[in-house]
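Observations on the model geometry
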Amino acid sequence: MRPPRELTPPVVRPFRQAAPGGRTVYVVHPGALAAQVYRGLADALPEGDGLTVLDLSGVAEYAQAALNGGRAATTVQDLTDGLAAHLEPEQGPYTLAGWSFGGVLAHAMTRTLPAGRLPRSLVLLDSIAPVDAYKQPDNALEPALLLGWFAMYLGAKRDRAVIVDPAALAGRGTDEGLPLVLDAAVAAGALAADTPLPGLRKLYDTYVDGLLRNNRLTAPYRPGPAPLPLVLVKAERGLLPEDASLGWESLAAHGLTVRPCPGDHYTMLARPDALAVLAPLLHAA
């Protein structure tokens, strides 16, 4: 008899074990892309380093919120407490990193860990700080911005660069802008020419619900200064290219280093030229 299929993936996903005394890189991953996207990073790390992904897709209260309107039955603190319990720094030196919303949770983890269990620094992978400047009500999120992010996401999922001119999306609502994303995706080979617009709209709505979930979790959260140095890795085509520090400067009581990285917000996790930047940086941190 075939065993029942696993409905909820595990939170802890070890992609490579560290050698005795070696460094383990922990990455907090908020989903959107499958955790397998980190396979290339695990292979790119220096010999002896390990990689473990803390995958929020394995937290039902968080993951299911993207499928029911973006309302999560949890809090940043609850998520942080659960993730921190999976760290095993006593086994050797470790690096803590977080991609996208995962950076918010990784930062929150450093605020709760005892001083003796803190890593030397925190690596934020194109993560927007949970500061008031970026806390907006749901109806303030501009469709043109969300459509541009969705195009990047769609391209990463299909391994094709889907690029839509921001000027073409400016001032357009979702109904007017989504056909432009569809046209760009078809032209890039990311979608078939007969892809129905209603089907793409359903995928877009699920994507936006995931963003709303993160936005709503962040809204009541009050972050404090990081107790360690911050390293921000900014993708060339990130979520907010006009903000040099993505809001982290105000939380960097012990210093902030910003490093550029090839790719966009999503492809930075898998492009070989991006991994050539990330792997040595995560090892050094």
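The preceding data block contains the structure.
Since the structure is predicted, the reported quantities are computational estimates derived from the model, not experimental observations. (Residues numbered from 1 in each chain as written. Predicted model: local features only at pLDDT ≥ 70, side-chain atom pairs only at ≥ 80, totals over all residues. Heavy atoms only, no water.)

1. With respect to the side chain of Lys135
Along the chain, Lys135 falls in the loop between strand S5 (122–125) and helix H5 (143–158). From its side chain, Lys135 meets the backbone oxygen of Tyr221 in a polar contact 2.3 Å long. Leave out the neighbours within four places in its chain, and Lys135 touches Pro130, Thr218, Ala219, Tyr221, Arg222 and Pro223. (Helix = DSSP H or I, 4+ residues; strand = E, 2+ residues; numbered from the N terminus. Polar contact = N/O pair within 3.5 Å; in protein donor to acceptor, adjacent residues only side chain to side chain. Contact = heavy atoms within 4.5 Å.)

2. Some details on the sheet that holds strand S4 (residues 94–99)
Pairing is mixed in the open sheet, where seven strands are placed in the order S1-S3-S2-S4-S5-S6-S7. Each edge of the open sheet is held by one strand with a lone partner, namely strand S1 (12–16) and strand S7 (256–264). Pairwise comparison of adjacent strand axes, ignoring direction, gives a mean angle of 20° for this sheet. With four bridges joining them, S5 and strand S6 (residues 230–237) adopt parallel strand pairing. Looking at S6, one finds that Leu124 is bridged to Leu232. Docked against the sheet, helix H9 (residues 272–284) engages strand S2 (24–29), S4, S5, S6 and S7, running at close to 155° with respect to S7. (Pairing = 2+ DSSP bridges. Axes fitted to C-alpha atoms, helices over the stretch in contact; angles between N-to-C directions.)

3. Concerning the pattern of salt bridges
Note on pairing: side chains with opposite charge can pair once their charged atoms come close. Following the criterion strictly, the structure yields seven salt bridges and no others. A salt bridge links Asp55 to Arg13; its shortest N-O distance comes to 3.1 Å. In this pair, Asp55 is assigned in strand S3 (residues 50–55) and Arg13 in strand S1, connecting sequence segments 42 residues apart. Judged by its relative accessible area of 2%, Asp55 is buried. As a salt-bridge pair, Lys135 and Asp132 come within 4.0 Å of each other at their nearest N and O atoms. Among the residues examined, Asp132 registers a relative accessible area of 57% and is labelled exposed. Through salt bridges with shared partners, a single network forms among Asp175, Arg201 and Asp205. (Salt bridge = Lys/Arg side-chain N within 4 Å of Asp/Glu carboxyl O. Buried < 20%, exposed > 50% of the residue type's maximum accessible area, 1.4 Å probe, protein only.)

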